[in-house]
Amino acid sequence: MSPRHTPSLLGPLARARFQKAGVLTSLALVVSGGLVAPAAAAAQAVSERPAATPRTGDKCKPHKPHQSRAGAEAYTGKDKCKGATGATGPKGATGPKGATGATGATGPTGATGATGATGDNGTPGATGATGATGATGATGPVGPCVEIDASQDSNNFELRAALTPPVMGGPARTYAGIRDLTTATPGPFLWTDLTGHEGYPQNACGISIAQHAQGNQTEGDLRIDVITTTGAIYETTCAVVTSDRTLNCASNPWTLVNRQPAPGAVNSGTIVP
């Protein structure tokens, strides 16, 4: 049987010291003899220490195992039981938030992506409806009045009356002309301006010429008429000088013909005062 189970006359303290000394002596002999390594010898020595036995009959709780009396006395010289583990303390307060770290450097720019495919042309939309016809614009101003008339009641000369556009913003101008026919080649036209004669209408727009005598011409042989943009008719006269085929219009004034045309007139008209 193992010596640990043989009753000993030594007390617990003396017995523990004796066992400790024996263990150290055995370990020294084993190491010096080269039988085992130091680590193995230490392990063997520890395994030979008496096992702890639970204590009973003291103030320790029966369900709580503790060191054996011999072990405790060998280590501290006191016989004390290990107390129960205390309750876990409350969780500490959360510490302050740490400072924000510095912003990292900007990364390199990524490569440019490939160009996307060109989209298809959309379908043309339907033609819109024709808009409504706009209102008729206002009547524009009367254009320049231009006209010519001719007369030839004699083999010796021919006559012309001409209405030409305004000059320098003035009224349309009226002329009377004559040409000699007694030569092999007709002579040039000779013109007389009638615009500056007294009573000339500023809005003359049409013209006519007529001879009213045959044979030898006398004063008043030639009559010229103009009609204005308002429909009024004016007249003046010239004499044909047969000796040299010229006109003598002197300063014969323009006068309204009596009567003037009137809507619905039959062998009548508006009487000129």
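Let us look at the structure shown here. All chains use their own residue numbering, which begins from 1 and follows the written sequence. Owing to the predicted nature of the model, reporting of local features is limited to residues with pLDDT of at least 70; listing and counting of side-chain atom pairs is limited to 80 or more, with chain, interface and lining totals taken over all residues. Calculation of side-chain values draws on the structure's entire complement of heavy atoms; hydrogens and water are dropped beforehand.

With that out of the way, let us pick up the overall build of the chain. A tally of helices and strands in the chain yields three helices and nine strands. Relative accessibility under 20% of the residue-type maximum defines a buried residue, over 50% an exposed one, and the middle range a partly exposed one, all with a 1.4 Å probe and only protein chains included. Counting only residues that meet the buried cut, the chain has 22% of its 273 residues in that class. In what follows, residue pairs with any heavy atoms lying within 4.5 Å of each other are defined as contacts. Look at the contacts in the chain between residues 6 or more apart in sequence, and 39% of them connect residues 24 or more apart. Surface accessibility follows the Shrake-Rupley procedure with a 1.4 Å probe radius. Residue values consider only the protein chains on display as shielding. Accessible surface for the chain amounts to roughly 20,100 Å². Of this, 56% is attributable to carbon and sulfur atoms. Labels follow the DSSP assignment, with helices taken as runs of H or I lasting at least four residues and strands as runs of E lasting at least two, numbered in each case from the N terminus.

Glancing now at unusual backbone geometry. Backbone torsion omega between N258 and R259 reads 20°, so that peptide bond is classified as cis. With respect to the element layout, R259 can be found in the segment after β9 (255–256). At M168, a residue that is not glycine, the phi angle is positive and equals roughly 55°. Along the chain, M168 falls in the loop between β2 (157–164) and β3 (173–180). Since its relative accessible area comes to 83%, M168 is described here as exposed. In this model, R245 sits at a positive phi of 50°, which is unusual for a non-glycine residue. Residue position: R245 is located in the loop between β7 (233–241) and β8 (246–248).

Of note, S154 is situated in the loop between β1 (147–151) and β2. Residue classification places S154 among the buried residues on the basis of a relative accessible area of 16%. Side-chain polar atoms of S154 contact the backbone nitrogen of N156, separated by 3.1 Å. A 3.5 Å cut-off defines polar contacts: any pair of N or O atoms within that distance qualifies, except that in protein one atom must be a possible hydrogen donor and the other a possible acceptor, and neighbouring residues in sequence count only when both atoms are side-chain atoms.

Moving on, we come to the state of the cysteines. Sulfur atoms of two cysteines make up a disulfide when they are within 2.5 Å. Throughout the structure, instances matching the rule amount to two disulfides. Two residues share a disulfide in this structure: C145 and C205, whose sulfurs sit 1.6 Å from each other. A torsion of -75° about the S-S bond marks the disulfide between C145 and C205 as left-handed. With C145 in the loop between α3 (69–75) and β1 and C205 in strand β5 (residues 204–211), this pair connects stretches of sequence that are 60 residues apart. There is a disulfide in this structure between C238 and C249, and the S-S distance comes to 1.9 Å. Because the sign of the S-S torsion sets the handedness, a value of about 105° for the bond joining C238 and C249 places this disulfide among the right-handed ones. Placement of C238 in strand β7 and of C249 in the loop between β8 and β9 is noted, with a sequence separation of eleven residues between them. Taking the relative accessible area as the measure of exposure, C238 reaches 1% and is therefore buried. We classify C249 as buried; its relative accessible area is 4%.

By the convention used here, strands pair only if DSSP detects at least 2 bridges between them. Reading across the sheet, the four strands line up as β1-β2-β3-β4 and stay open at both edges, with antiparallel pairing between neighbours. A strand with exactly one partner marks an edge of an open sheet, and here the two such strands are β1 and β4 (190–193). Put simply, the sheet's adjacent strands are angled 20° from each other on average, direction ignored. The pairing of β2 with β3 spans eight bridges and is antiparallel. Bridge assignment links R160 to a residue of β3, and that residue is G177. Only the stretch in contact is used when a helix axis is fitted, and all axes are lines through C-alpha atoms; the angle between N-to-C directions ranges over 0 to 180 degrees.

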